Amino acid sequence: MTSSAQSAALRAAAMEIAGRGWKVFPCRPGTKAALWHRADHCRGGGVCSGGHVTPESLATSNLDRVAARWSDGVPYNIAVYPGPSGLFILDCDLPKPARPGQPPARGEHDPDGWTQLQALAAERGGPLPDTFTLATPSGGRQLWFTAPPGTALRGTVKHIASNVDTRGWGTYGLAPGSVLPNGAYELIDDTDPAELPGWLVQAAVERAPTAVSGRREMPVAAPDAYTAAALRGELDRVRTAAPGTRNKVLSTAAYALGQLAGARLLEEDHVKAELRAAVATWNTPASAAKDDGVIDTAVEAGKANKRRITPRATRGDRRRAA
Ligand SMILES: [Zn+2]
């Protein structure tokens, strides 16, 4: 393809993506690098005169502005910012061999990301709906979902699985049509993005594993019916808490569930992961650290004042997943 044909194709692709309401920003031709300066190189001029402005906040779906930006005949790649676009992208990659002279790459000997994602879906009983899907130049695939209303999920690296990264707030992906030296991003399923399933929201917000290698093993609690109902009720209260009451509702729920964890009716890690997933329906990247702190503190306080175990819910009565 000639350079002018390539720039026309990329302009059309950028218009197509922006036409869906998704926020785009140009990248240097043939690269993933946003055409912008880093915060530590900011000279404070122009739009940065009031402080450094990020491409995430400059990205736009305004068709006039997109048309103008891609009108100078340069084949800019297309960055899409999932956060402000209401999207969340799962990036399933192939295992990467370590570079010569470098330590082994995590996931190097694990299955590819798509296989890992399917295995995780099967393990958690979660659906993996058809959705907007890209093939990437490296041979992987990207699944684009809509972020559930009110969530503000951040991007993650090797968190959901060793070969699955995610793109949310604070990160970006490349739109179909973008070209790297080893190939192009191609749309292979043009289904409209499905909403990110709840089990994937949870997987994205669970605390990172402390183990350096091997796959993450979240203990699966198999609570009795009473405990399961208590857990569901508390999580519902957190998810639906009205603004202004959220901190109080969260700390009350975390305390109550901490009591159940203290009585060994629930796994503490499971309780915290479920609470973080529930909080993700309304928290923001800015408040996430504070909300994590509320959860940790209140669960600890609840554990220290554990609920008395009723005969029906004694330890021997509990069933555990194999
Ligand atoms: Zn700046």
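No experiment lies behind these values; they were computed from the predicted model shown.

Participant: Just checking my understanding: could you explain the coordination of the zinc ion for this structure?
Facilitator: Around the zinc ion, the protein contributes the donor atoms His 37 (NE2), Cys 42 (SG), Cys 48 (SG) and His 52 (ND1), at 2.0 to 2.3 Å from the metal centre. Bound by 4 donor atoms, the zinc ion shows angles of 103 to 115° at the metal and therefore tetrahedral coordination geometry. Expressed as a motif, the donor residue spacing for the zinc ion is H-x4-C-x5-C-x3-H. The class for His 52 is partly exposed, based on a relative accessible area of 29%.

Participant: Is there a simple way to explain the nonpolar core in this structure?
Facilitator: Generally speaking, a soluble globular protein has its nonpolar side chains buried in company with each other. Core analysis: the biggest nonpolar cluster contains 28 residues, and Trp 22, Val 24, Trp 70, Ile 78, Val 80 and Trp 144 have the highest contact counts within it. Within the residue set of this core, elements represented by two or more residues are α1 (3-19), β1 (24-27), β2 (77-80), β3 (87-92) and β4 (132-135). Among the elements that take part in this core, α1 stands out by supplying 5 residues, more than any other. Beyond its immediate chain neighbours, meaning those up to four positions away, Val 80 contacts Ile 17, Trp 22, Lys 23, Val 24, Ser 85, Leu 87, Trp 144, Tyr 172, Gly 173 and Ala 175. Core analysis: the second largest hydrophobic core is formed by 22 residues, Leu 143, Ala 194, Leu 196 and Ala 203 among them.

Participant: Which parts of the structure should I look at to understand the sheet that holds β4?
Facilitator: Sheet strands line up and pair through hydrogen bonds in the backbone, either parallel or antiparallel. Taken in spatial order, the 6 strands of this open sheet run β6-β7-β3-β5-β4-β11, and their pairing is antiparallel. Where the open sheet ends on each side, the last strands, each with one partner, are β6 (156-161) and β11 (186-189). Adjacent strand axes in the sheet meet at a mean angle of 35° when their direction is disregarded. Bridge count for β4 against β11 is 3 bridges, and the pairing is antiparallel.

Participant: Sorry, what's going on with unusual backbone geometry here?
Facilitator: Working note: non-glycine residues mostly have negative phi, and peptide bonds are mostly trans. One non-glycine residue with positive phi stands out, namely Lys 158, at about 50°. Tracing the backbone through its elements, the reader meets Lys 158 in strand β6.

Participant: Sorry if this is basic, but what is going on with the sheet that holds strand β8 (residues 173-174) here?
Facilitator: Across the sheet, 3 strands lie side by side as β1-β2-β8; this open sheet has antiparallel pairing. At either end of the open sheet lies a strand with only one pairing partner, and these are β1 and β8. Here 2 bridges tie β2 to β8, and the two strands are oriented antiparallel to one another. Note on β8: the bridge partner recorded for Ala 79 is Leu 174. Of the strands in this sheet, β1 and β2 are in contact with α1, which crosses β2 at around 15°.

Participant: Whenever I open this one, helix α9 (residues 268-279) confuses me. Can you help?
Facilitator: For an α-helix the count is 3.6 residues per turn, leaving residues at separations of three or four pointing the same way. When the terminal C-alpha atoms of α9 are compared, their 16 Å separation across 12 residues agrees well with the 16 Å that a helix rising 1.5 Å per residue should span. Inspection of α9 places His 270, Val 271, Lys 272, Ala 273, Glu 274, Leu 275, Arg 276, Ala 277, Ala 278 and Val 279 among the buried residues, and these make up the whole buried set.

What counts as what
- Residue indices follow the written sequence of each chain, beginning from 1 at its first position.
- Two thresholds apply to this predicted model, a pLDDT of at least 70 for residue-level local features and 80 or more for giving and counting side-chain atom pairs, whereas whole-chain, interface and lining totals are computed over all residues.
- Think of the side-chain values as coming from all heavy atoms in the structure, minus any hydrogens and water.
- The rule for donors is simple: an N, O or S atom within 2.8 Å of the metal counts, and for Na, K and Ca the reach is 3.2 Å. Water is not among the atoms, so a site may look short of donors.
- Geometry is assigned from donor-metal-donor angles: four donors are tetrahedral when every angle falls between 85 and 135 degrees, four are square planar and six octahedral when opposite donors sit over 155 degrees apart with all other angles between 65 and 115, and any other arrangement is irregular.
- In this scheme, a residue with accessible area under 20% of its type's maximum is buried, one over 50% is exposed, and one in between is partly exposed, where area comes from a 1.4 Å probe on protein chains only.
- Each nonpolar core is a collection of buried residues, namely Ala, Val, Leu, Ile, Met, Phe, Trp, Tyr and Cys, held together in the definition by side-chain atoms within 4.5 Å.
- Only DSSP runs of H or I with at least four residues qualify as helices, and only runs of E with at least two residues qualify as strands; both kinds are numbered from the N terminus onward.
- Only heavy atoms matter for contacts: two residues are in contact if any of them lie within 4.5 Å across the pair.
- Following DSSP output, two strands are said to pair if at least two bridges run between them.
- The axes used here are C-alpha line fits, helices contributing only the stretch in contact, and every angle between their N-to-C directions lies in the interval 0 to 180 degrees.
- For a helix, the expected span equals 1.5 Å multiplied by the residue count minus one.

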